[in-house]
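# A structural walkthrough
The primary structure of each chain is shown beneath.
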Amino acid sequence: MEALAAVLDAPQERFRLRSVDIARPGPGQVLVRVKAAGICHTDLIFASGAMGSPFPLILGHEGAGLVEAVGPGVAHVAPGDKVLLTFDSCGGCPTCRSASPAYCHSFMALNFACIDAEGGSPAQDPGGGRVAARFFGQSSFASLCIGSARNVVKLPADADLGVLAPLGCGVQTGVGGVLRSLGARAGSTLVVMGGGAVGLSAILGGGIAECASIILIEPRPERRALGLELGATHAIDPAAEDAAVAVRAILPAGADYVFDTSGNVAALESAFAMLGPRGTLGMVGVPSALDATLRLPIVPAISAGFTVKGIIEGDSDPQSFLPELVALHAAGRLPVERFVRFYPFSEINEAIADAHAGHCVKAVLRID
Ligand SMILES: [Zn+2]
Ligand SMILES: [Zn+2]
């Protein structure tokens, strides 16, 4: 079927909107007519070529739309259903079977390889050339995309696809990171480093968890202000003062949790001075140097019982957790519309540039 896709022909080029042919859904697959797709930092990493991806390539991994058709063996959605797309997983490995699909043994192959195991792709140029379109099992910067039974999640009929699109990656990473990965308890204390879409979602997660203190560390004044409006109890400018000293002034015993979305090594190392007894550092921010390492002060880590935890997708099990987030949004407890900015599909390059420069918190493309 003919679709309009934002194709990246080579690393760091502009996206070009052009016609591609999308295959019919195979066994276990779902063809989705995409109506909206969020832009996430991981799109920018893959667009840079740093991951060695095949080109030409269709990115996009926060898709939302309507089911167009389902392949054999797909029973949980039907044509016409509103759906969210999220990360893919195999369903059969030990971590998938223990409801932790974010750590699927095949996560890299299913989400990052951008082509299937045989080297094929559901998208082709009109001339027949392969266009890689299995990014996060979706490649949703296109008017049609192929998802799987595991990464297509049914939405209520009245769902707002544009506002909810970012739930599929950034929002579930932030909210799930606090609720599921850190397991934040009522009355606990949380520091969030970085006030982008994931960090602001973590602040909302801290509110849902009823954390007693939620401290945002963020250099941009407008994002500190937004964080405070969304439930942060304090905001610290790390350019103006030593963030660890400022956290200790608020929490003399240290924080229960530090949630890092910055990927900044110096910021991460300062987290050890912020953590209190039995504190946990949760890491979701990917550093610009993919081989970056962290210096861990061993004796304080032992004596205070620190935990350092890497986090993918907020430890989400999407078929159950995304509907929980949709219900929280409907109840007014997850106002993601406060940090979403919409762009027409034709302005994808402007949206990417704004996301890269931090001029918007969460860019969402409207695709028709
Ligand atoms: Zn798996
Ligand atoms: Zn993402």
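Keep in mind it's a predicted model, so treat the numbers as computed, not measured.

Okay, the domain arrangement of the protein chain next. For the protein chain, the assigned domains are domain 1 (2-168 + 335-366) and domain 2 (172-312). Between domain 1 and domain 2, the C-alpha centre-to-centre distance is 29 Å. Each partner contributes residues to the interface: domain 1 has 20 residues there, and domain 2 has 17 residues. The largest per-residue losses of area from domain 1 upon contact with domain 2 belong to Arg338, Phe339 and Val361, which jointly make up 37% of the total buried on that side. Linking domain 1 with domain 2 are one salt bridge, by the criterion used here. The salt bridge involving Glu229 is made with Arg338; its shortest N-O contact spans 2.3 Å. Our count for the contact surface shared by domain 1 and domain 2 stands at eight residue pairs in polar contact (both at pLDDT 80 or more). Of the residues assigned to the side of domain 1 that touches domain 2, the class counts are 15 nonpolar, three polar and two charged.

For the rest of this paragraph, the subject is the layout of surface pockets. In this structure, the second largest pocket occupies an estimated 230 Å³ of space. If you go around the second largest pocket, you meet 14 residues; those closest to its centre are Asp88, Ala109, Leu110, Asp116 and Arg134. Of the residues that constitute the lining of the second largest pocket, the class distribution is six nonpolar, four polar and four charged.

Glancing now at the coordination of the zinc ion (ligand 2). Coordination of the zinc ion (ligand 2) by the protein is provided by Cys40 (SG), His61 (NE2) and Cys169 (SG), with metal-donor distances spanning 2.0 to 2.2 Å. Taken in sequence order, the residues that donate to the zinc ion (ligand 2) follow the motif C-x20-H-x107-C. With Cys40 in the loop between strand 3 (29-38) and helix 1 (41-47) and His61 in the loop between strand 4 (57-58) and strand 5 (63-70), the pair connects residues that are 21 residues apart, well separated along the chain. The buried category is assigned to Cys40, whose relative accessible area is 10%.

All right, on to the packing of helix 5 (residues 170-181) against helix 6 (residues 197-208) then. The interhelical angle for the contact between helix 5 and helix 6, taken along N-to-C directions, is 40°, at an axis separation of 7 Å. Comparing their axes, helix 6 and helix 5 come out oblique. Both helix 5 and helix 6 take part in a crossing whose hand is right-handed. Listed contacts from helix 6 to Gly170, Val171, Thr173, Gly174, Val175, Val178 and Leu179 of helix 5 are Val198, Ser201, Ala202, Gly205, Gly206 and Ile208. Partitioned by chemical class, the residues of the contact of helix 5 with helix 6 number seven nonpolar, six polar and no charged.

What follows covers the packing of aromatic side chains. In this structure the tally under the stated criterion is nine aromatic pairs. Ring plane angle 90° and centroid distance 6.4 Å describe the contact between Phe107 and Phe136, whose orientation is recorded as edge-to-face. Here the residue Phe107 occupies a position in helix 3 (residues 107-112), and Phe136 occupies one in the loop between strand 8 (130-131) and strand 9 (144-148), the gap between them amounting to 29 residues. Per residue, the accessibility class of Phe107 equals that of Phe136, and both read buried. An aromatic cluster of at least three residues, connected via ring pairs, comprises Phe46, Phe87, Phe107, Phe112, Phe135 and Phe136. Seen from the ring of Phe321, Arg180 lies directly overhead, with NZ or CZ sitting 5.0 Å from the centre. A cation sits over an aromatic face here: Arg366 above Phe342, 3.8 Å from the ring centre.

The rules we used
Residues numbered from 1 in each chain as written. Chains lettered and ligands numbered in written order. Predicted model: local features only at pLDDT ≥ 70, side-chain atom pairs only at ≥ 80, totals over all residues. Heavy atoms only, no water. Domains from an automatic or database assignment. Contact = heavy atoms within 4.5 Å. Buried area = accessible area lost by both parts, 1.4 Å probe. Salt bridge = Lys/Arg side-chain N within 4 Å of Asp/Glu carboxyl O. Polar contact = N/O pair within 3.5 Å; in protein donor to acceptor, adjacent residues only side chain to side chain. Nonpolar A, V, L, I, M, F, W, Y, C, P; charged D, E, K, R; others polar. 1 Å grid on protein atoms, 1.4 Å probe; cavity = no way out; pocket = protein on both sides within 12 Å on 5 of 7 lines; lining within 4 Å. Points joined across faces, edges and corners; volume = space filled by probe spheres on them. Donors = N, O, S within 2.8 Å, 3.2 Å for Na, K, Ca; no water. Helix = DSSP H or I, 4+ residues; strand = E, 2+ residues; numbered from the N terminus. Buried < 20%, exposed > 50% of the residue type's maximum accessible area, 1.4 Å probe, protein only. Axes fitted to C-alpha atoms, helices over the stretch in contact; angles between N-to-C directions. Parallel < 35°, antiparallel > 145°, perpendicular 65-115°, else oblique. Left-handed = near helix turned anticlockwise from the far one by under 90°. Phe/Tyr/Trp six-rings, centres within 6.5 Å; stacked < 30°, edge-to-face > 60°. Lys NZ or Arg CZ within 6 Å of the ring centre and 35° of its normal.

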